[in-house]
Amino acid sequence: MSSLKINPQRAAELLENLAAVRARIRVAQKTSKSTAAVASADSTEPRLRLVAVSKLKPVSDILALHRPSLPPHDHSQTPQDAHREKSEYTPQTHFGENYVQELLEKSRLLPASIKWHFIGGLQSNKCTMLARDVKGLWAVESVDSVKKAKALEKGWKERKTREKERQEGEEEQLRVFVQINTSGEESKSGVEPKSNDLLSLCRLIRDECPHLRLQGLMTIGAIARSKATTPETENEDFVKLQENRGWLVDEHGFDAGLELSMGMSDDFEGAIVQGSDEVRVGTTIFGARPPRKEAKVLEETEDGKG
Ligand SMILES: *Cc1c(COP(=O)(O)O)cnc(C)c1O
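Residues numbered from 1 in each chain as written. Predicted model: local features only at pLDDT ≥ 70, side-chain atom pairs only at ≥ 80, totals over all residues. Heavy atoms only, no water.

### Brief notes about the nonpolar core
Link 1 in the chain: One finds Trp116, Leu130, Leu137, Val140, Leu152, Leu174 and Val178 to be the most contacted residues of the largest nonpolar core, which totals 68 residues.
Link 2 in the chain: In terms of residue count, the dominant contributor to this core is helix H1 (residues 8–29) (seven residues). (Core = buried A, V, L, I, M, F, W, Y, C linked by side-chain atoms within 4.5 Å. Buried < 20%, exposed > 50% of the residue type's maximum accessible area, 1.4 Å probe, protein only. Helix = DSSP H or I, 4+ residues; strand = E, 2+ residues; numbered from the N terminus.)

### Remarks on unusual backbone geometry
Link 1 in the chain: Unlike most non-glycine residues, Leu56 shows phi in positive territory, near 65°.
Link 2 in the chain: Within the secondary structure, Leu56 is located in the loop between strand E1 (49–53) and helix H3 (59–66).
Link 3 in the chain: Backbone geometry places Lys194, a non-glycine residue, at a positive phi of 40°.
Link 4 in the chain: Tracing the sequence through the fold places Lys194 in the loop between strand E5 (174–179) and helix H8 (196–208).

### Let's talk about the side chain of Ser142
Link 1 in the chain: Looking at the element boundaries, Ser142 is found in strand E4 (residues 137–143).
Link 2 in the chain: In this structure Ser142 comes out as buried when scored by relative accessible area, which is 1%.
Link 3 in the chain: Beyond its immediate stretch of four places on either side in the chain, Ser142 contacts Phe118, Ile119, Gly120, Leu122, Phe177, Gln179 and Met218. (Contact = heavy atoms within 4.5 Å.)

### Considerations on the packing of H8 against helix H10 (residues 236–252)
Link 1 in the chain: The contact between H8 and H10 brings their axes to 12 Å, and the two run at 65°. What the angle tells us is that H8 and H10 run roughly perpendicular. Every pair of crossing elements has a handedness; the one defined by H8 and H10 is right-handed. Residue-level contacts link Leu198, Leu199, Cys202, Arg203 and Arg206 of H8 to Asn244, Trp247, Leu248 and His252 of H10.
Link 2 in the chain: Class assignment for the residues of the contact of H8 with H10 results in five nonpolar, two polar and two charged. (Axes fitted to C-alpha atoms, helices over the stretch in contact; angles between N-to-C directions. Parallel < 35°, antiparallel > 145°, perpendicular 65-115°, else oblique. Left-handed = near helix turned anticlockwise from the far one by under 90°. Nonpolar A, V, L, I, M, F, W, Y, C, P; charged D, E, K, R; others polar.)

### Examining the site of the ligand
Link 1 in the chain: With respect to spatial proximity, the complete set of residues near the ligand consists of Val53, Lys55, Asn98, Ile119, Ile220, Met264, Ser265, Arg280, Val281, Gly282, Thr283 and Arg289.
Link 2 in the chain: Contacts to the ligand include Asn98, whose side-chain N or O atom sits 2.9 Å from an oxygen atom.
Link 3 in the chain: Thr283 has a polar side-chain atom sitting 2.4 Å from an oxygen atom of the ligand.
Link 4 in the chain: Calculation on the ligand without its partners gives an accessible area of 390 Å², and the protein chains cover 90% of this total. (Near = heavy atom within 4 Å. Polar contact = N/O pair within 3.5 Å; in protein donor to acceptor, adjacent residues only side chain to side chain. Areas by Shrake-Rupley, 256 points an atom, 1.4 Å probe, with all protein chains shown as cover.)

Here's what the structure looks like:
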């Protein structure tokens, strides 16, 4: 890890992008429907969770945000500068990834203090390994079938059994979000809104998976709608996710604390205004992503050695 080189210019650019996103989040929180979000809008680290989506980006980028290095102290700075700096150099802890193999590699190379979110399309046959082997796995957000939930349960149980032998203290349950296909597009994964599938999946997680905790609901939504989303307009996908939580809580007795994971680069402010508890932002922090086959976990250093 210590051998990881971070280009100072790249690090400064990433920290600036992150600070700008955090500032936009604070502004949006002030008009949010969620009182918790409004209450936390003035603190340095928003209570609303920001997941920095680092898929296809190298580990050096992640480390630059997780272990920001402070510039030398400048006595001439104003209190506003100091506040901005404090926000800018608050370590980012939550990161999101879409591919199991890439996440596995990154989790081995990076500090254990990172909280990983798996947010990508899930294959049933990789769920057990994902839950069992990814160091620092904090949540799996793309659960959309009973089979996948059962495989995650199995993996987390195996991990707990293994850790008991080593006397390690980690959280007892793996947080999962159920992904809902709010836009009804065939290309999107997720269960159908207000369906029997949704209900039975949520019940299975709550009642039959002691190693999983139903943390909330997640949606991606239609691209066209997210492009059209502004803090002043309502996005239909976000309305639907809210309604599904209401349905589960009011009509089926689920915990009112179920979170909503919604909002990405193009629409996170609108999502916050509509009551999001967690936004997942990639491009606005890290820039455009390379094609998958060209992506590198470890960036080549200047002398050409990987
Ligand atoms: C890639 C991805 C994001 C981040 O998208 P940006 O538009 O780059 O912010 C968020 N959520 C999911 C599920 C993703 O796959």
